[in-house]
Amino acid sequence: MRLTLAPSTVVQGMVMMCTASLCFSLNDTFTKFLVFRYGIPEIIFLRSLIALPLLAAMAIVIGRTKIRWSSRLFFHAIRGALNLAAAYLYINGLQYLSVAETTVILFSSPLIVTLASVFFFKEVVGWQKWAAALCSFTGVVIAIRPGAEAFQPASLFILASSFLYAANSLTARWIPEADNLWTISFFGAAFSALFVAPLAVSEWIPVHSEDLMFLTAAALCSSLGIGLSSLAYRLAQASDLAPYAYSGLIWSLGITMIVWGSVPTLWTFLGAAVIAASSLFHFLTSRQ
């Protein structure tokens, strides 16, 4: 499956990917405030449940449309299961790592997507894209330092999560053209809530009123991030989007320092610098 895309379509995909990265970084921040108060299943369940009426209202007010029934409902269920497993692993790791550290590790996902797109979709990836992808993955290795004293087993949760997010991203190619942002986001949240409900109910902790704000913000950011990234992968090749998925690096490092006043380790900055350099290289060679 090879794509022939207009430049404007690719640019739309890049903008969507950058915006999705911002949404994911904000979601991580709001979830970080909740992860020590409630069980992970309950956080995912409430986050997904709250998102449903909000997305329906935003579709009407902002999108001037309604959420429509999808012709591939079972397919959305599979994507919901993948996203649920990825979110569960990711929040597990988020308990022990900063938002900046988890984001850097999660950046292995674009490399996985690029590799898989070559085998499954027969995308043509030039040496410049390969060089950028491999350098970015090197930055990930520098950041997590396998075998180093500072390495935490929680990093493996994030790494496993990145594989599942990559699989979910690749499936976006089969999303029907009629399914818009609001439809994709709505069904993603709906199936996540449905699948995790039994676990959430069995470990239920009463929700404090002051936490509703964080849950609502996380619900919006998570759902929109999934919807925007799915549309991006449907619009453009994975190899073109990979460097722009790394834009979350800027948001996560800034949020970590501003919200928590925590400066990431030197190794995290070094790994991030390698990732940023590879993204800049991809951008410059793409323009040529």
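Owing to the predicted nature of the structure, the values given are computational and were not obtained by experimental measurement.

### Here we look at the overall build of the protein chain
Scanning the protein chain for helices and strands turns up 12 helices and 0 strands. Starting at the N terminus and walking to the C terminus, you meet the elements of the protein chain as α-α-α-α-α-α-α-α-α-α-α-α. The buried share among the 288 residues of the protein chain stands at 53%. Taking contacts inside the protein chain between residues at least 6 apart in sequence as the whole, the part at least 24 apart equals 90%. Carbon and sulfur atoms make up 72% of the accessible area of the protein chain, which amounts to about 13,000 Å² in all.

### A word on the environment of S222
Mapped onto the fold, S222 is located in helix α9 (residues 212–235). For S222, a relative accessible area of 9% gives the class buried. Distance from S222 to L26, taken between C-alpha atoms, is 8.4 Å for residues 196 residues apart in sequence. In contact with S222, other than residues within four places in its own chain, are F24, N27 and R47.

### Overview of the side chain of D179
Along the chain, the position of D179 falls in the loop between α7 (154–170) and α8 (181–202). Despite its burial, D179 pairs with no opposite charge; the closest candidate is R234, at 6.0 Å N-O. In terms of polar contacts, D179 uses its side chain to reach the side chain of H76, at 2.8 Å. Those residues in contact with D179, other than ones at most four positions away along the chain, are S70, H76, I184, L231 and R234.

### Here's the deal with helix α11 (residues 248–259)
Taking 1.5 Å as the rise per residue, α11 with 12 residues should run 16 Å; its terminal C-alpha atoms sit 16 Å apart, in good agreement. Those residues of α11 that fall on the buried side of the exposure criterion are G248, L249, S252, L253, G254, I255 and T256. A positive backbone phi angle near 65 degrees is found at G261, which sits one or two residues after α11.

### Remarks on the packing of aromatic side chains
Two aromatic rings are characterised by how far apart their centres lie and by the angle between their planes. For the coordinates displayed, the defined rule picks out 6 aromatic pairs. Between W69 and F187, the aromatic rings sit 5.9 Å apart at their centres with planes inclined by 90 degrees, giving edge-to-face as the arrangement. Here F187 lies in helix α8 and W69 lies in the loop between α2 (40–61) and α3 (73–94), a separation of 118 residues in the sequence. Between F186 and F187, the ring centres sit 5.8 Å apart and the planes meet at 85 degrees, which makes this aromatic pair edge-to-face. A connected cluster of aromatic rings, assembled from ring pairs, spans W69, F186, F187, F191 and F195.

### Observations regarding the packing of α2 against α3
The contact between α2 and α3 brings their axes to 10 Å, and the two run at 130 degrees. By the angle class used here, α2 and α3 are oblique. α2 and α3 meet at a crossing whose hand is right-handed. Contacts between α2 and α3 involve I40, P41, I43, I44 and R47 on the former and, on the latter, L84, A87, Y88, I91 and N92.

### Considerations on a nonpolar patch on the surface
A surface patch of nonpolar side chains, amounting to about 560 Å² of accessible area, comprises M257, I258, V259, W260, V263 and F269. Sort the elements by how many residues they give to the nonpolar patch and α11 lands first, with 3 residues. Along the chain, the position of V263 falls in the loop between α11 and α12 (266–287).

### Some remarks on α7
The terminal C-alpha atoms of α7, which comprises 17 residues, lie 25 Å apart, in line with the 24 Å expected from a rise of 1.5 Å per residue. Along α7, the residues that are buried comprise A154, S155, I158, S161, S162, A166, N168, S169 and L170.

### Thoughts on the pattern of salt bridges
Within the structure shown, the criterion is met by 1 salt bridge. Here R37 and D211 are joined by a salt bridge, their closest N and O atoms 2.3 Å apart. Here D211 lies in the loop between α8 and α9 and R37 lies in the loop between α1 (7–32) and α2, a separation of 174 residues in the sequence. Residue classification places R37 among the partly exposed positions, given a relative accessible area of 41%. A residue is classified by how much of its surface remains accessible, and D211, at 0% relative accessible area, is buried.

### A closer look at the environment of W251
Examined against the element boundaries, W251 turns out to sit in helix α11. Each C-alpha atom, one on W251 and one on S21, is 8.2 Å from the other, the two residues being 230 residues apart in sequence. In this view, W251 contacts C18, S21, L22 and S25; residues no more than four positions away in its chain are not counted.

### Brief notes about the packing of α2 against α9
Angle between the axes and distance between the axes: these two values describe a pair of packed helices. Their axes nearest at 8 Å, the elements α2 and α9 cross at an angle of 70 degrees. Here α9 runs roughly perpendicular to α2, going by the angle between their axes. Every residue of α9 that contacts α2 at I43, L46, R47, I50, A51, L54, L55 and M58 is listed here: L215, T216, A218, A219, L220, S222, S223 and L224. Across the contact of α2 with α9, the residue classes break down as 12 nonpolar, 3 polar and 1 charged.

Parameters and conventions
Residues numbered from 1 in each chain as written. Predicted model: local features only at pLDDT ≥ 70, side-chain atom pairs only at ≥ 80, totals over all residues. Heavy atoms only, no water. Helix = DSSP H or I, 4+ residues; strand = E, 2+ residues; numbered from the N terminus. Buried < 20%, exposed > 50% of the residue type's maximum accessible area, 1.4 Å probe, protein only. Contact = heavy atoms within 4.5 Å. Areas by Shrake-Rupley, 256 points an atom, 1.4 Å probe, with all protein chains shown as cover. Lys, Arg positive; Asp, Glu negative; His and termini not counted. Salt bridge = Lys/Arg side-chain N within 4 Å of Asp/Glu carboxyl O. Polar contact = N/O pair within 3.5 Å; in protein donor to acceptor, adjacent residues only side chain to side chain. Expected span 1.5 Å × (residues − 1). Phe/Tyr/Trp six-rings, centres within 6.5 Å; stacked < 30°, edge-to-face > 60°. Axes fitted to C-alpha atoms, helices over the stretch in contact; angles between N-to-C directions. Parallel < 35°, antiparallel > 145°, perpendicular 65-115°, else oblique. Left-handed = near helix turned anticlockwise from the far one by under 90°. Patch = residues over 30% accessible without salt bridge, like charges linked within 9 Å, V, L, I, M, F, W, Y side chains within 5 Å. Nonpolar A, V, L, I, M, F, W, Y, C, P; charged D, E, K, R; others polar.

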